[in-house]
Every structure is written in structure tokens, then in C-alpha cells.
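# A structural walkthrough
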Amino acid sequence: MTRTRRLTMVAVAVALVVVGYVVLRDGDSSARHAGAGSFATIDLVHGRPRGGVRTVTVAKGDQVRLKVKSDVADEIHVHGYELHRDVRPGRAVQLTFQASIDGQFVVELENAKQQIATLRVNP
């Protein structure tokens, strides 16, 4: 096998690994990209997010659309944006607001001090 052919095969292998990494990373169920018109839904069971704390990613200027379903009464607090909404057992609460501040923000059940999501706003 010639040196050029070996280098080509190595380059193709590296490219496949990089593409595979990007596809698997973007397909991670912990990351939710809230597209226009869709809600990122967080289901709370015993005051904890089913499936663990998720990251909701939007671009600065986009609408953030969160829906929280809970089996406990508490207050949803989006830190940094200082948004608060009461949630009651068996009812869903929706939070819709413009992502005007870039960065990472904790979304939590305020009284329980339980993080339920991370909001990532990309510049």
C-alpha cells in the first residue's frame, strides 16, 4: 500500500470519528433544542426531573418555551431571568419568554431547591 493511500485512509477514518462524535453528541437525550413553536417539556416525579436534569438550548433572541408538569406543588424559577411560576400537582405550567441574555441559567423548583433544567442561551 502506498503512503498516499494510507494517509487518505487515515484521513477518512478521522473524518468518520468526528462525524460520529457530532451526531452522537447532538442526539443526546439530555439536550433539548427548543425550536420555534415547540415546548421543551420537563416532567417532574417526586419533585425531580424524569430522566435527570436536561439542558434546553436556544439562540439569543429566540423564544424560550418550557412546559413543566409536576406531581408536587412548588414554584418554578428561571434564574438570571428572574421568572417565577407556580406549579400544582397534575397541572402543567408554561413559561414563554424571549432569550435576551446569553449564558447558562439554572431552572429550579424554588422551595425544594431542586434543579430541574439548565437553560443555555447561545449568543
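Described below are features of the structure shown in this document. Given the structure is predicted, the values throughout are model-derived calculations rather than measurements. (Residues numbered from 1 in each chain as written. Predicted model: local features only at pLDDT ≥ 70, side-chain atom pairs only at ≥ 80, totals over all residues. Heavy atoms only, no water.)

Opposite charge on two side chains permits them to pair, given that their charged atoms come into close proximity. As enumerated under the stated definition, the model contains one salt bridge in all. One salt bridge connects K60 with D102, and the closest N-O pair in it is separated by 3.4 Å. Remark: D102 occurs in the loop between strand 8 (92-98) and strand 9 (103-109) and K60 occurs in the loop between strand 4 (54-59) and strand 5 (63-69); sequence separation between them is 42 residues. Under the relative-accessibility criterion, K60 is labelled partly exposed at 42%. Take D102: its relative accessible area is 35%, and that puts it in the partly exposed class. (Salt bridge = Lys/Arg side-chain N within 4 Å of Asp/Glu carboxyl O. Helix = DSSP H or I, 4+ residues; strand = E, 2+ residues; numbered from the N terminus. Buried < 20%, exposed > 50% of the residue type's maximum accessible area, 1.4 Å probe, protein only.)

Bringing the packing of aromatic side chains into the picture now. Considering all chains together, one arrives at two aromatic pairs under this definition. Ring geometry for Y81 against F97: centres 5.0 Å apart, planes inclined by 50 degrees, an arrangement best described as tilted. Note that Y81 is positioned in the loop between strand 6 (74-78) and strand 7 (83-87) and F97 in strand 8, a separation of 16 residues in sequence. In this structure F97 comes out as buried when scored by relative accessible area, which is 9%. Look at Y81 and F105: their rings are 5.1 Å apart centre to centre, the planes differ by 70 degrees, and that puts the pair in the edge-to-face class. In this pair, Y81 is assigned in the loop between strand 6 and strand 7 and F105 in strand 9, connecting sequence segments 24 residues apart. Residue classification places F105 among the buried residues on the basis of a relative accessible area of 11%. (Phe/Tyr/Trp six-rings, centres within 6.5 Å; stacked < 30°, edge-to-face > 60°.)

Even without being a glycine, E82 presents a positive backbone phi close to 50 degrees. Even without glycine at this site, K113 takes up a positive phi of about 55 degrees. Following the sequence through the fold, K113 ends up in the loop between strand 9 and strand 10 (114-122). Since its relative accessible area comes to 62%, K113 is described here as exposed.

Mapping R54 onto the fold places it in strand 4. At 3.1 Å, the side chain of R54 forms a polar contact with the backbone oxygen of R50. (Polar contact = N/O pair within 3.5 Å; in protein donor to acceptor, adjacent residues only side chain to side chain.)

Our next topic: the pairing of strand 7. Pairing analysis gives five bridges linking strand 6 to strand 7, with the strands arranged antiparallel. Paired with E75 across the bridge in strand 7 is D86. The loop that links strand 6 with its antiparallel partner strand 7 comprises four residues; one of these, G80, has a positive phi angle of about 85 degrees. (Pairing = 2+ DSSP bridges.)

Spatially, the four strands line up as an open sheet ordered 3-2-5-8, and their pairing is mixed. Single-partner strands in this sheet number two, and they are strand 3 (48-49) and strand 8. Pairing of strand 2 (residues 40-45) with strand 5 involves four bridges; the strand directions are parallel. By the bridge assignment, T41 is partnered in strand 5 with K67.

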